[in-house]
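Read off the chains here:
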Amino acid sequence: MAVDSALESPLGPAACEKDAKALRFIEEMTRNADSVQEKVLGEILSRNAKTEYLQRFNLFGATDRETFKSTIPMVKYEDLQPDIQRIANGDRSAILSAHPISEFLTSSGTSAGERKLMPTIKEELDRRQLLYSLLMPVMNLYVPGLDKGKGLYFLFVKSETKTPSGLLARPVLTSYYKSEHFKTRPYDPYNVYTSPNEAILCSDSFQSMYTQMLCGLLERQQVLRVGAVFASGLLRAIRFLQLNWPELAHDIRTGTLNPKITDPSLRETMSRMLKSDPDLADFVTEACSRDNWEGIITRIWPNTKYLDVIVTGAMAQYIPTLDYYSCGLPKACTMYASSECYFGLNLNPMSKPSEVSYTIMPNMAYFEFLPHDPNSSTASRKLVDLADVEVEKEYELVITTYAGLCRYRVGDILRVTGFHNSAPQFHFVRRKNVLLSIDADKTDEAELQKAVDNASELLREFKTSVVEYTSFADTRTIPGHYVIYWELLVKESEESPDDDVLSKCCLAMEESLNSVYRQGRVADNSIGPLEIRVVKSGTFEELMDYAISRGASINQYKVPRCVSFTPIMELLDSRVVSAHFSPALPHWTPERRR
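Source: prediction; values computed, not measured.

## Some words on the environment of Pro 259
Step number 1: Summarising the element assignment, Pro 259 is placed in the loop between α11 (231-254) and α12 (264-273).
Step number 2: Considered as a pair, Pro 259 and Leu 507 are 248 residues apart in the sequence and their alpha carbons are 34 Å apart.

Put into structure tokens, the structure is as follows:
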């Protein structure tokens, strides 16, 4: 069959003219990556020339790279925090950006236990929408016929707060879902969801999940792709189905909606969709009442072609469970983004998770790369431009955005895997300094140490102390949970702490962790209760012996604060003498910005 020449692109034959235009845009941006970057930096510097931040460094209106690089320092969030706090408190002068800050996007990285506030401007929504508009044209190159059905996506809004000056502070996806870009998006046959907007925008997580799952069941034959933002979110949806299928089947059988769904707009929307269907109710009952849930996704949604979830970085730990529930369906990681900036997309979205590479789109921001070398000082490493990175080398991402972040260290470690035209492609290696992550939470070593210190205070009256500890994120349960291994020194065995005390230690640790973790525990139900496993005396000596037997230096050996290597896990678990779980939810309320 002849292909319409208007639909041809170097990436492949487009599915329609709209796709062809998007693919040509990708080619244009990546073919001229360095000149696009130069133009982007010039635009950012000229529009923000009179901001207080740039004037601090005497840039004097210069917009060229050399002056920018020799004048503007590389920064972390803590360096910008005083300026961000001024904006949050109501200072409307041009501090970071010449354009008014429209809201703050809350980052899952934390600063002193609170979410980071990332300033953004209205036009950033256009830039994010542009990147979203490129995803399906690329996917259509690999998976034909996506206009013949729908996507079952579990998408949620999270809590938002206001700063003292009244600016909203909320996660980037909540900002997008609540925007007119999303709510009034034009119809696209290649990108239709089973979930109505009312279900996605419902702030009650149970009502939102219930109605999204119900819609997915009602339209099971039309579902061609199943997804969530993170792999953990999709597994949470499967667990929700395990717990709630009898009520869902009842609603389908009777054509009536569960009374727990109280949101008026949601009830009205569902009343138009929900009709009595005893055959479908029988099917759901038969499929879900089995003990074996292997392949449940393909059983219930038999036309599913792929899963659309992020399974790179910390989310890779969920791949075996996803494979179990989906009979090994392909997992598409389509884009790379954060609260600070949207970065790029995966031009080969059906690649194996271990081979996923993202192509940075040079029009999104100005990108620099700090060579990653833990053994050398930051000052001794020179930032590299987007077009000048080298294949197989690792870098930390540094960005300069239209919203006013200048040479900001994002904290992501990326490895260059190749180039598409002149734009590099990166494999996401990890988030810098993150030890534990289940969902959107990110816990680093300092935070874990503080949590252990606070919890171990409860052991003092029992003349007991924590000799050593390590941890891992246990994702075999849904939701996953933190496991902390403790080796205790008990000075007087008759006074040793009992289960009640050690359970309270679990809760004390949770109270010490950041607000993103506590929100996952309390509001999102995306993280299970923290567990402490007490191991026999001498276990960490054995751990050291094992490491030395594998070639570690006895002089340089340090107890790893997080473990994932199977033999080490097996050694630790074989020495466990007792296990204890947090007996209650930690304290969490939406943050009030001072």
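## Focus: the side chain of Asp 385
Step number 1: Within the secondary structure, Asp 385 sits in strand β13 (residues 384-385).
Step number 2: Exposure remark for Asp 385: the relative accessible area of 7% places this residue in the buried category.
Step number 3: Not counting residues within four places of it along the chain, the set of residues in contact with Asp 385 comprises Arg 65, Lys 69, Tyr 366, Phe 367, Glu 368 and Phe 369.

## Description of the pairing of strand β16 (residues 423-431)
Step number 1: With respect to burial, β16 is a largely interior element, seven of its nine residues being buried.
Step number 2: Of the pairings in the sheet, the one linking strand β11 (residues 358-360) to β16 comprises two bridges and is antiparallel in character. Bridging from a neighbouring strand, Tyr 358 pairs with Phe 426 of β16.
Step number 3: Sheet analysis places strand β15 (residues 408-420) next to β16, joined by eight bridges and oriented antiparallel. Within β16, the position partnered with Leu 414 by the bridge is Phe 428.

## Quick word on the nonpolar core
Step number 1: Leu 241, Phe 367, Trp 486 and Met 509 are the most contacted members of the largest nonpolar core, which totals 167 residues.
Step number 2: Of the residues forming this core, the biggest block, 11 residues, is contributed by α11.
Step number 3: The residues contacting Phe 367, other than those within four sequence positions of it, are Gln 37, Cys 341, Phe 343, Ile 360, Met 361, Pro 362, Asp 385, Leu 386, Leu 397, Val 398 and Ile 399.
Step number 4: Membership of the second largest hydrophobic core comes to 12 residues, among which are Phe 472, Val 483, Val 559 and Ile 568.

## A closer look at the packing of aromatic side chains
Step number 1: Tallying each qualifying case throughout the model produces 21 aromatic pairs.
Step number 2: Each ring, one from Tyr 177 and one from Phe 182, has its centre 5.2 Å from the other, and the planes form 55 degrees; the classification is tilted. Taken individually, Tyr 177 and Phe 182 each receive the classification buried, so the pair is uniform in this respect.
Step number 3: An aromatic cluster is present here, built from Tyr 132, Tyr 153, Tyr 176, Tyr 177, Phe 182, Tyr 193 and Tyr 342 joined pairwise through their rings.
Step number 4: Here Arg 128 stacks its cationic end above the ring of Tyr 342, 5.8 Å away from the centre of that ring.
Step number 5: The aromatic ring of Phe 182 is capped on one face by Arg 185, whose charged end is 4.1 Å from the ring centroid.

## What about the packing of helix α10 (residues 205-218) against α12?
Step number 1: Running from amino to carboxyl end, α10 crosses α12 at an angle of 10 degrees, the nearest separation of the two axes being 12 Å. Relative to α12, the element α10 lies roughly parallel. Mapping the contact onto sequence places Gln 207, Thr 211, Leu 214, Cys 215 and Leu 218 in α10 and Leu 266, Met 270 and Met 273 in α12.

## Description of the sheet that holds strand β14 (residues 394-400)
Step number 1: Reading across the sheet, the eight strands line up as β9-β10-β11-β16-β15-β14-β12-β13 and stay open at both edges, with antiparallel pairing between neighbours. Lying at the two open borders of the sheet, with one neighbouring strand each, are β9 (335-337) and β13.
Step number 2: Along the sheet, helix α6 (residues 123-142) makes contact with β9 and β10 (342-345), crossing β10 at roughly 15 degrees.

## Topic: the environment of Leu 243
Step number 1: Topologically, Leu 243 is positioned in helix α11.
Step number 2: Sequence separation between Leu 243 and Cys 288 is 45 residues, and the spatial gap between their C-alpha atoms is 9.7 Å.

## Let's talk about the packing of helix α1 (residues 17-31) against α6
Step number 1: Close contact between α1 and α6 brings their axes to 9 Å; oriented N to C, the two are set at 110 degrees. In terms of orientation, α1 lies roughly perpendicular with respect to α6. Of the residues in α6, those touching α1 at Asp 19, Ala 22, Leu 23, Phe 25 and Ile 26 are Leu 130, Ser 133, Leu 134, Met 136, Pro 137, Val 138, Asn 140 and Leu 141.
Step number 2: Of the residues belonging to the contact of α1 with α6, the class tally is 10 nonpolar, two polar and one charged.

Scoring rules and cut-offs
Residues numbered from 1 in each chain as written. Predicted model: local features only at pLDDT ≥ 70, side-chain atom pairs only at ≥ 80, totals over all residues. Heavy atoms only, no water. Helix = DSSP H or I, 4+ residues; strand = E, 2+ residues; numbered from the N terminus. Buried < 20%, exposed > 50% of the residue type's maximum accessible area, 1.4 Å probe, protein only. Contact = heavy atoms within 4.5 Å. Pairing = 2+ DSSP bridges. Core = buried A, V, L, I, M, F, W, Y, C linked by side-chain atoms within 4.5 Å. Phe/Tyr/Trp six-rings, centres within 6.5 Å; stacked < 30°, edge-to-face > 60°. Lys NZ or Arg CZ within 6 Å of the ring centre and 35° of its normal. Axes fitted to C-alpha atoms, helices over the stretch in contact; angles between N-to-C directions. Parallel < 35°, antiparallel > 145°, perpendicular 65-115°, else oblique. Nonpolar A, V, L, I, M, F, W, Y, C, P; charged D, E, K, R; others polar.

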